[in-house]
Amino acid sequence: MEAMPQTGQTRGQRRLKLVNFEIQENHISHETQGLSDKYLVVRRGKPFKVTLLFYGRMWNPNTECLALQVLLGEMSAKMLVHFSDKFFDRHSWSARIYPGNIGHRVVTVHVCAPVLSSVAHYQLLVHISGAHEQSSYVAGMFVLLCNPWLKDDPVYMPLDAQRQEYVKNDYGMIYMGTDINFSQQPWSFSQYEPGVLEACLQLLQVSPQHLSNSHKDYVRRADPAYLSRIICAMVNSNDDMGVLEGRWKGSYKNGVNPTEWSGSADILLRWMAAKGNPVRYGQCWVFASVLCTVMRVLGIPSRVVTVFNAAHDGDGNLITEEFYSSTGQRLGISKDSIWNFHVWAECWMRRSDIGDGFDGWQVVDPTPQEMSAGIYRCGPCPVVAIQRRSLSIPYDTAFIYASVDSDIVRTILRSGKVVGKKVDTKWVGRLILTKSIGSDVPEDLTESYKRQKKEQLSKMGDSGFAERCMSSFDNNGPVYSCRSVRPRPPKQDGSSLDVTLTIDEEPTIGKSINLTVTVTNPTNSARLLREHLSAQIKKFNSSPEKSFWTSHQDVCIQPFEDLIRHHSIPPSKYEAFLAGDDIVKVAVVIKDLKTKERVLAIQDLNLSSPKINIQVEGGDRIQVKEECIAIVSFTNQLNKPLGSAVLTVEGYGLLQGKHEARLTVLQPDEKIEKKITIIASTLGTKMLSASFSHSSSSSVLSRCFHKVTVT
């Protein structure tokens, strides 16, 4: 860019004509390709190259001093430019000219920022001074990021495969549902979309910490723990001009239903356009995915993690309480809650603020649940601190520990009195997943959070948790179904009956839900039992509603017998109540009619939706700025016609607006189809999203996200 004089020289007096930031070469060297075409983006602790072009009279190194100066708010660092081929001092700003880097009216300077520089937008000045003349020029702006490629940087990651996945990869996988039958949704982190870098930097500029004391904020931005804590609060809008407003119930008409988002760029750019007003709406996976985008842009390795059966410890006692009626209906009277799944982010860093032993992955949770130091944020919390149960380690370790490893006390009430109680040590955090490196297959992180407790349980005679993931493939990629394989645990509640409740096969919308109750009588006496079964609809993050199906029956069990009871819930019982991504909670209470003993067993399940098919002609890798055809279709696999059928297709960065196909009635086995033309103007991973709805349901019946790679 043209060098602008900082002082009042006329054009005839000016000596520095142009400053070339060598953006293409520097971006390749610093692994920042695609983050910006507007600014030089470099990483701290690594030299970058700047070329100075002079007018007729060249800088004379024998009689004049050449210096560079970087400005950040009230902070400034001035570097005399030296001739040298030695290694840079990575602990202070330095500038040097290598031998052979001076030409006719051209000089190339290599600049290196300290490894603990603040992440920010800097201004660069050039100063030329001699015995009789001094001149200063504004060279331009550049962006400085963390450097996970550099060993001295607190975010250093040793393996290139890790850096490619957790810094440069622009898409991930979100796992949802229940631990016995989870689904996956691709997410576009979109860090290479135009404007995303600027949005991430703007988040730092409008944080309460920066607005109240910009100098202190700039100084502290060298620390990735501080950065993650600031961004964690800024992704939600509860305390500040943050990105997203959360909503978990009610109407989404004045915003976007959280299930419709498929990438971070749309959200961040809407926030920038709104100038401080939040984007509506987000839920946990949206908050976590946007945070993951921002952290990857800033150079801090990060990934999105799903915890199945995540506890919310409302009173801080590290125990989660649930209450049930004597007929198995869950009662919403506890301050605590269990989310079928909760999504947060992990960020990789050294924790110099808390000493040795707690480096590595840190939980950072931007979903506004509880305050941390008076602000809605959570973390960074070392994963190893959770595993070791080091609950005093900052930040928010006790709360996060309870989310993944607290005990559940399930109490049965009848007329306000306790008639049964059971402690479950393994329900919470039963499965913890993230996307694998270089693959869309999930990686099981459960042991990294819970290894010590599982080893203790193993010594008690329980072989622990084993999860079998079976994968199949359709036209939209792999589909995972999980079936839990658990030996019968030792009874911890002193009961003389053992009761288990299992789901017989993958539940699917439009088909019956098949259940099996197994009751074991370990005594030498026959017993008369009463079986109460209850099924309730619930959101993934809330208490269930009133039961939509119940069953009550008396049965007799013989001495030492395993009594197996099969039950089926037909579609007609749940279709009027089930909406979209709802969860079904099933509970069984077995009562001994003689002793009045009651034993509870529960199971949560999500019903798989009929599939939407998306096919891109020529494959899922397309060329930038070239038109391609995509065909989206849905076949009615239910045994009834669906009125007012609507198939909707969207694709940020691929399509303008929504595209729809409509049918007055979609008969069983009939197909509805939409053919669209897609074109991408930028490189990276894009998402096509499709949804199907009909008049018999107030919510979307099926939703699909399809990844498209633009090269």
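Given the structure is predicted, the values throughout are model-derived calculations rather than measurements.

So, the overall build of the protein chain: which residues are in play, and what are the values?
Summing up its helical and strand segments, the protein chain has 12 helices and 44 strands in all. The C-alpha atoms of the protein chain give a radius of gyration of 30 Å, which matches the 27 Å a tight globule of 711 residues would have. C-alpha extents for the protein chain along the principal axes are approximately 110 × 60 × 40 Å. Taking all 711 residues of the protein chain together, the buried fraction comes to 57%. A separation of at least 24 residues holds for 66% of the contacts in the protein chain among residues at least 6 apart in sequence. A total accessible area of about 29300 Å² is found for the protein chain, and carbon and sulfur atoms account for 49% of it. Computing the positive centroid from 80 side-chain charges and the negative centroid from 73, the protein chain places the two 2 Å apart.

I'd like a rundown of the pattern of salt bridges, residues and numbers included.
A pair can form between side chains of opposite charge whenever their charged atoms are brought close. With the rule as written, the count across this model stands at 28 salt bridges. Two residues, R44 and D153, come together in a salt bridge whose shortest N-O distance is 2.7 Å. One end of the pair, R44, is in the loop between strand 3 (40-43) and strand 4 (48-54); the other, D153, is in the loop between strand 11 (134-145) and helix 2 (160-168), and 109 residues separate them in sequence. Take R44 and D153: they sit in the same class, and that class is buried. The partner of E575 in a salt bridge is K640, and the shortest N-O contact between them spans 3.1 Å. Of this pair, E575 sits in the loop between helix 12 (571-574) and strand 35 (583-592) while K640 sits in the loop between strand 39 (628-635) and strand 40 (642-650), and the two are 65 residues apart along the sequence.

Kindly report on helix 7 (residues 264-274), identifying the contributing residues and their values.
An α-helical turn contains 3.6 residues, so any two residues separated by three or four positions project in the same direction. When helix 7 is considered as a whole, its buried residues turn out to be S264, A265, D266, I267, L268 and W271. For helix 7, the elements touching its buried residues are strand 13 (181-188), helix 3 (196-205), strand 14 (244-246), strand 15 (279-282) and helix 8 (284-298). Two residues or fewer past helix 7, K275 is found with a positive phi of approximately 55°.

Explain helix 2 to me, using residue names and the numbers behind them.
Buried within helix 2 we find Q162, R163, E165, Y166, V167 and K168. If you follow the buried residues of helix 2, they end up packed against strand 3, helix 8, strand 16 (302-312), strand 20 (360-364), strand 26 (431-435) and strand 27 (442-444).

Which residues make up the nonpolar core, and what are the values?
In terms of nonpolar packing, the biggest core is built from 68 residues, with I231, I267, W285 and L291 touching the most fellow members. Among the elements that line this core, the one with the most residues is helix 8, at 12 residues. The residues contacting I267, other than those within four sequence positions of it, are W187, V243, L244, W261, V279, V286 and V290.

Explain unusual backbone geometry to me, and be specific about the residues and the numbers.
Cis geometry is adopted by the peptide bond preceding Y281, which originates at R280 and carries an omega value of 5°. Within the element layout of this structure, Y281 appears in strand 15. For the bond from P394 to Y395, the omega torsion is 5°, close enough to zero to count as cis. Unlike most non-glycine residues, S190 shows phi in positive territory, near 65°.

Describe in detail the sheet that holds strand 30 (residues 498-503), supporting the description with residues and values.
With antiparallel pairing, 3 strands are arranged side by side in an open sheet as 30-31-34. Every other strand in the sheet has two partners, leaving strand 30 and strand 34 (562-569) as the edge strands with one partner each. Going from strand to strand, the sheet's axes swing by 15° on average, the running direction of each strand aside. Where strand 30 and strand 31 (residues 513-520) come together, 6 bridges link them in antiparallel fashion. Paired with D498 across the bridge in strand 31 is T520.

Account for the confidence of the model for the protein chain, with residues named and values stated.
Averaged over the protein chain, the pLDDT score is 90; the fraction of residues at 70 or greater is 92%. Low pLDDT, under 50, characterises residues 456-493; the predicted model gives this stretch 81 contacts beyond four residues in sequence or across chains.

Quick one: what's the story with the sheet that holds strand 33 (residues 547-557), residue by residue and with numbers?
In spatial order, the strands read 33-32-35-36; together these 4 strands make up an open sheet with antiparallel pairing. At either margin of the open sheet sits one strand with a lone partner, and together these are strand 33 and strand 36 (598-606). For this sheet, the mean inter-axis angle between neighbouring strands, taken without regard to orientation, is 15°. By the bridge criterion, 10 bridges tie strand 32 (residues 527-538) to strand 35 in an arrangement that is antiparallel. Its bridge partner being in strand 35, Q536 is matched across the sheet by K585.

Talk me through the packing of aromatic side chains; I want residue IDs and the actual numbers.
Enumeration according to the criterion identifies 18 aromatic pairs in this entry. Measuring from ring centre to ring centre gives 6.2 Å for W248 and F287, while their planes differ by 20°; the resulting arrangement is stacked. Remark: F287 occurs in helix 8 and W248 occurs in the loop between strand 14 and helix 7; sequence separation between them is 39 residues. By relative accessible area, F287 is classed as buried at 0%. With centroids separated by 5.9 Å and ring planes inclined at 65°, the aromatic side chains of Y252 and Y281 adopt a geometry described as edge-to-face. Of this pair, Y252 sits in the loop between strand 14 and helix 7 while Y281 sits in strand 15; the two residues are 29 residues apart in sequence, bridging distant segments of the chain. Since its relative accessible area comes to 18%, Y252 is described here as buried. Grouping aromatic residues by their ring pairs yields a cluster made of F48, W93, Y122 and F142. The ring of Y395 carries the charged tip of R229 above its face, separated from the ring centre by 3.9 Å.

Pulling in residues and values, what's your account of the pairing of strand 13?
With respect to burial, strand 13 is a largely interior element, 7 of its 8 residues being buried. One ladder, built from 8 bridges, connects strand 12 (residues 171-178) with strand 13; its direction is antiparallel. If you follow T178 over to strand 13, its bridge partner there is N181. Taking the residues between adjacent antiparallel strands as the criterion, strand 12 and strand 13 are bridged by 2 residues.

Give me the lowdown on the environment of V710, citing residues and values where you can.
Relative to the helices and strands, V710 is located in strand 44 (residues 702-710). Classification of V710 by relative accessible area gives buried; the value is 4%. Spatially, the C-alpha atoms of V710 and R621 are 5.9 Å apart, while their sequence positions differ by 89 residues. Residues within four places of V710 in sequence aside, it is in contact with I622, Q623, V624, A680, T682, L683, G684 and K686.

What counts as what
Residues numbered from 1 in each chain as written. Predicted model: local features only at pLDDT ≥ 70, side-chain atom pairs only at ≥ 80, totals over all residues. Heavy atoms only, no water. Helix = DSSP H or I, 4+ residues; strand = E, 2+ residues; numbered from the N terminus. Rg over C-alpha atoms; globule rule 2.2 N^0.38 Å. Buried < 20%, exposed > 50% of the residue type's maximum accessible area, 1.4 Å probe, protein only. Contact = heavy atoms within 4.5 Å. Areas by Shrake-Rupley, 256 points an atom, 1.4 Å probe, with all protein chains shown as cover. Lys, Arg positive; Asp, Glu negative; His and termini not counted. Charge placed at Lys NZ, Arg CZ, Asp CG, Glu CD. Salt bridge = Lys/Arg side-chain N within 4 Å of Asp/Glu carboxyl O. Core = buried A, V, L, I, M, F, W, Y, C linked by side-chain atoms within 4.5 Å. Pairing = 2+ DSSP bridges. Axes fitted to C-alpha atoms, helices over the stretch in contact; angles between N-to-C directions. pLDDT = per-residue confidence, 0-100. Phe/Tyr/Trp six-rings, centres within 6.5 Å; stacked < 30°, edge-to-face > 60°. Lys NZ or Arg CZ within 6 Å of the ring centre and 35° of its normal.

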